[in-house]
Amino acid sequence: MRNKRPIKVKKGANTRSVADIVKELKQSSSFSGNYRQQSLKIHGLICAKCGREFDLKNQNLLTVHHKDGDHKNNPPDGSNWENLCAYCHEDEHSRGLLGDYFTSDKR
Ligand SMILES: [Zn+2]
Ligand SMILES: [Zn+2]
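Fair warning: this is a prediction, and the values are worked out from it, not measured in the lab.

Reading the values: the criteria
- Residues numbered from 1 in each chain as written.
- Chains lettered and ligands numbered in written order.
- Predicted model: local features only at pLDDT ≥ 70, side-chain atom pairs only at ≥ 80, totals over all residues.
- Helix = DSSP H or I, 4+ residues; strand = E, 2+ residues; numbered from the N terminus.
- Buried ≥ 20, exposed ≤ 12 C-beta atoms within 10 Å, placed from the backbone.
- Contact = placed C-beta atoms within 7 Å.
- pLDDT = per-residue confidence, 0-100.
- Core = buried A, V, L, I, M, F, W, Y, C linked by C-beta atoms within 7 Å.
- Pairing = 2+ DSSP bridges.

### Concerning the overall build of the chain
- Looking only at helices and strands, one finds four helices and two strands in the chain.
- Element order for the chain, N to C, with α for helix and β for strand: α-α-β-β-α-α.
- For the chain, buried positions account for 14% of its 107 residues.
- For the chain, the share of sequence-separated contacts (at least 6 apart) that also reach a separation of at least 24 residues comes to 56%.

### Structural notes on the confidence of the model for the chain
- Per-residue confidence for the chain averages 80 on the pLDDT scale, and 66% of its residues sit at or above 70.
- Within the chain, the lowest mean pLDDT, 49, falls on helix α4 (residues 97–102), and the highest, 97, falls on strand β2 (residues 81–85).

### Points about the nonpolar core
- Of all hydrophobic cores here, the largest spans five residues; its members are Cys47, Leu62, Leu84, Cys85 and Cys88.
- If we skip the residues at most four places from it in the chain, Leu62 touches Leu40, Leu45, Cys47, Phe54, Asn83 and Cys85.

### A few points about the environment of Cys50
- Summarising the element assignment, Cys50 is placed in the loop between α2 (35–43) and β1 (62–66).
- Judged by C-beta crowding, with 11 C-beta atoms within 10 Å, Cys50 ranks as exposed.
- Excluding residues within four positions of it along the chain, Cys50 makes contact with Cys85 and Cys88.

### Looking at the pairing of β2
- Most of β2 sits out of view: five of its five residues are buried.
- Residue alternation in β2 divides its side chains into two sets, Trp81, Asn83 and Cys85 and Glu82 and Leu84, and both sets are buried.
- For β1 and β2, the ladder comprises five bridges, and the chain directions are antiparallel. Following the sheet pairing, Val64 is matched in β2 by Asn83.

### Here's the deal with the environment of Gly44
- Mapped onto the fold, Gly44 is located in the loop between α2 and β1.
- Taking the number of C-beta atoms within 10 Å as the measure of exposure, Gly44 has 13 and is therefore partly exposed.
- Counting along the chain gives 39 residues from Gly44 to Asn83, while the straight-line C-alpha distance between them is 7.9 Å.

See below:
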């Protein structure tokens, strides 16, 4: 899934687009080190695969999986994150590359 955002903006909106870019840069840099908490906040303390729920005491067992496998791709809206418990996360990666094909947009 890709969100193609038009870079060229209509006349008169140029200053706004620059501000948007700066805003985005600031967001992405501040999120990069803290994406786990963000993902937990957005998706909740629950494993996306087995549905196991977690609370503040054992949330360290809940990990953030990057859907596209790119740990640097951390959109603030959480679209590349998936909360998986340690077991499901390991399972997810042990499937290797084939797993990625099946999790693409086509279903
Ligand atoms: Zn799980
Ligand atoms: Zn992962």
